[in-house]
Amino acid sequence: ETGVTQSPTHLIKTRGQQVTLRCSSQSGHNTVSWYQQALGQGPQFIFQYYREEENGRGNFPPRFSGLQFPNYSSELNVNALELDDSALYLCASSSGQGSYNEQFFGPGTRLTVL
Amino acid sequence: KQEVTQIPAALSVPEGENLVLNCSFTDSAIYNLQWFRQDPGKGLTSLLLIQSSQREQTSGRLNASLDKSSGRSTLYIAASQPGDSATYLCAVIGGNAGGTSYGKLTFGQGTILTVHP
């Protein structure tokens, strides 16, 4: 069974640029959630995708957007990067839409905005 | 709005000691609670999941308890080892006003654990 994978591992961008982060869910999982973790903080929920539809969103501006593909992999896109977007971006997958299911996290993508 | 607090923020113990990490949440209407481990700069490893109807879960040297009515959970680590050194995060699903139909995890800020030989 393959776990959650994310790419790239690290990324450096400059302010104003756009970035795309990728996540492959664990085998058999159809739900993907994205989280942002600033240094020294707990992760913050960005949004969740279930069967290619956005299924909930946290308190993040519209320049944070996402996609989920038929194979349940997902992308997180961030436009007009700001310095405060520097963080570890985590993807989690689970099976089903419900709130009872254990979530499994990938290794994360470390984004640095200069 | 659900808020999760973890105490202490940091803990340093000698190898072999039993220890308790605490987690509290403001809204008791949760669906489940999950404990995670995070090594520096890495992703999260799920340790234990407690459903709202359960009181505790055990895995090896780890035991997590849940008291929904008081909004508290504890993670007990027996016979700690240097390899247990990491940040431990508590997260809950649910408890938001109006309810949620999706699995948004609300995290605490974590407890940094150091176990020295």
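Residues numbered from 1 in each chain as written. Chains lettered and ligands numbered in written order. Predicted model: local features only at pLDDT ≥ 70, side-chain atom pairs only at ≥ 80, totals over all residues. Heavy atoms only, no water.

Participant: What's the story with the sheet that holds strand 1 (residues 5–7) of chain A in this structure? I'm lost.
Facilitator: Adjacent strands of a sheet form backbone hydrogen bonds with each other and so pair up, either parallel or antiparallel. Residues and elements named next belong to chain A. Reading across the sheet, the four strands line up as 1-3-8-7 and stay open at both edges, with antiparallel pairing between neighbours. Two strands in the sheet have a free side with no partner beyond their single neighbour: strand 1 and strand 7 (64–68). Taken pair by pair, the neighbouring strands of this sheet meet at an average axis angle of 20°, ignoring direction. As paired elements, strand 7 and strand 8 (residues 74–78) share five bridges and run antiparallel to each other. In the strand pairing of strand 8, Leu67 is matched with Glu75. (Pairing = 2+ DSSP bridges. Helix = DSSP H or I, 4+ residues; strand = E, 2+ residues; numbered from the N terminus. Axes fitted to C-alpha atoms, helices over the stretch in contact; angles between N-to-C directions.)

Participant: Where do I start with the pairing of strand 11 (residues 111–116) of chain B in this structure?
Facilitator: Every other side chain in a regular strand lies on the same face of the sheet, so the side chains alternate between the two faces. All names here are of chain B. Covered by surrounding structure in strand 11 are Thr111, Leu113 and Val115 only, the residues Ile112, Thr114 and His116 on the alternate face being uncovered. As defined by bridge partners, strand 2 (residues 10–14) adjoins strand 11 across five bridges and the pair is classed as parallel. Bridging across to strand 11, Ala10 finds its partner in Ile112. (Buried < 20%, exposed > 50% of the residue type's maximum accessible area, 1.4 Å probe, protein only.)

Participant: I'm lost on the packing of aromatic side chains in this one. Help?
Facilitator: Given two aromatic rings, one states the distance between the centres and the angle between the planes to describe the pair. A complete count under the given rule lists eight aromatic pairs over all chains for this structure. Look at Tyr35(A) and Phe45(A): their rings are 5.6 Å apart centre to centre, the planes differ by 65°, and that puts the pair in the edge-to-face class. On the criterion of sequence distance, the pair formed by Tyr35(A) in strand 4 (residues 31–37) and Phe45(A) in strand 5 (residues 44–50) is long-range, its members being ten residues apart. As far as burial versus exposure is concerned, Tyr35(A) and Phe45(A) are alike and both buried. An angle of 65° between the planes, with centres 5.1 Å apart, marks the rings of Phe60(A) and Phe64(A) as edge-to-face. Just as Phe60(A) is buried, Phe64(A) falls in that class too. Chaining the aromatic ring pairs together yields one cluster made of Tyr35(A), Phe45(A), Phe105(A), Phe36(B) and Phe107(B). (Phe/Tyr/Trp six-rings, centres within 6.5 Å; stacked < 30°, edge-to-face > 60°.)

Participant: Is there a simple way to think about the pairing of strand 11 (residues 109–113) of chain A in this case?
Facilitator: Residue and element names in this part refer to chain A. Burial of the side chains of strand 11 is restricted to one face: Thr109, Leu111 and Val113 are buried, whereas none of Arg110 and Thr112 on the reverse face is. Across four bridges, the pairing between strand 2 (residues 10–13) and strand 11 is parallel. Counterpart to Ile12 in the pairing with strand 11 is Thr112. Of the pairings in the sheet, the one linking strand 9 (residues 87–94) to strand 11 comprises three bridges and is antiparallel in character. Across the sheet, Ala87 pairs through a bridge with Leu111, a residue of strand 11.

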